[in-house]
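Topology and contacts: notes
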Amino acid sequence: MLDDLSPAPDVGGATNLVSRSSSIGGRDGARGLGRTAIPGPDLDGPSLDEDGLLRHGGRWVAITDAQLPVMRLLISRLGRLVRDSDLLAAYQEAGGLGDRESMRSLVHRVAMRVEQVGLELRAVRGRGVVLDIRALHPS
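Just so it is clear, the model here is predicted, and its values are computed rather than measured.

1. Some words on the pattern of salt bridges
Within the structure shown, the criterion is met by four salt bridges. Between Asp86 and Arg77 there is a salt bridge; the shortest N-O distance is 2.9 Å. A residue is classified by how much of its surface remains accessible, and Arg77, at 25% relative accessible area, is partly exposed. With a shortest N-O distance of 3.1 Å, Glu101 and Arg104 are connected by a salt bridge. Within this pair, Glu101 and its partner Arg104 are both found in helix α4 (residues 100–115), separated by three residues, close to a single helical turn. Relative accessible area serves as the criterion here: at 55%, Glu101 is assigned to the exposed category. A relative accessible area of 40% means that Arg104 is categorised as partly exposed.

2. Overview of the layout of surface pockets
Of the pockets and cavities examined, the largest pocket occupies roughly 150 Å³. What lines the largest pocket is a set of 13 residues, among which Asp84, Arg104, Ala123, Gly128 and Val129 lie closest to the centre. The element that contributes the greatest number of residues to the lining of the largest pocket is α4, accounting for four residues. For the lining of the largest pocket, the residue count by class is six nonpolar, three polar and four charged.

3. Let's talk about the pairing of strand β6 (residues 128–133)
The pairing of strand β4 (residues 81–83) with β6 spans three bridges and is classified as antiparallel. Residue pairing for β6: Arg83 is matched across the bridge by Gly128. As defined by bridge partners, strand β5 (residues 119–124) adjoins β6 across six bridges and the pair is classed as antiparallel. Along β6, the bridge assignment pairs Leu121 with Leu131. A loop of three residues connects β5 with β6, the two strands running antiparallel in sequence, and Gly126 in this loop sits at a positive phi of about 75 degrees.

Procedures and definitions
Residues numbered from 1 in each chain as written. Predicted model: local features only at pLDDT ≥ 70, side-chain atom pairs only at ≥ 80, totals over all residues. Heavy atoms only, no water. Salt bridge = Lys/Arg side-chain N within 4 Å of Asp/Glu carboxyl O. Buried < 20%, exposed > 50% of the residue type's maximum accessible area, 1.4 Å probe, protein only. Helix = DSSP H or I, 4+ residues; strand = E, 2+ residues; numbered from the N terminus. 1 Å grid on protein atoms, 1.4 Å probe; cavity = no way out; pocket = protein on both sides within 12 Å on 5 of 7 lines; lining within 4 Å. Points joined across faces, edges and corners; volume = space filled by probe spheres on them. Nonpolar A, V, L, I, M, F, W, Y, C, P; charged D, E, K, R; others polar. Pairing = 2+ DSSP bridges.

So, in structure tokens, the structure goes:
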């Protein structure tokens, strides 16, 4: 039996290499590693797939079930203000408590996740938040 480190027989050529790379990347992804392995459908900006993976800039991060409705809302309004009342409604849709402090805690966790793929969640005091693509800083 072959393991991931042994050379594969040259059966299928490049197809076999892609298959093995996907297999290795998939296992790393399950542990939260290998977040740049497989290109996703993020050519025009961030996207959230059916498996709850947020993809942007060739990178990905897993979004929890509790965070999914809020993340969908933020992506649908990329670059625009999302009001606190809309965030609360999305949070409650996921089964969250009705209080704003719990919702703000979830939004804070979402902010930490989106940073991993080059996005930024900016607070607009007393109004809501804006999801935006992080500006590149010149080297």
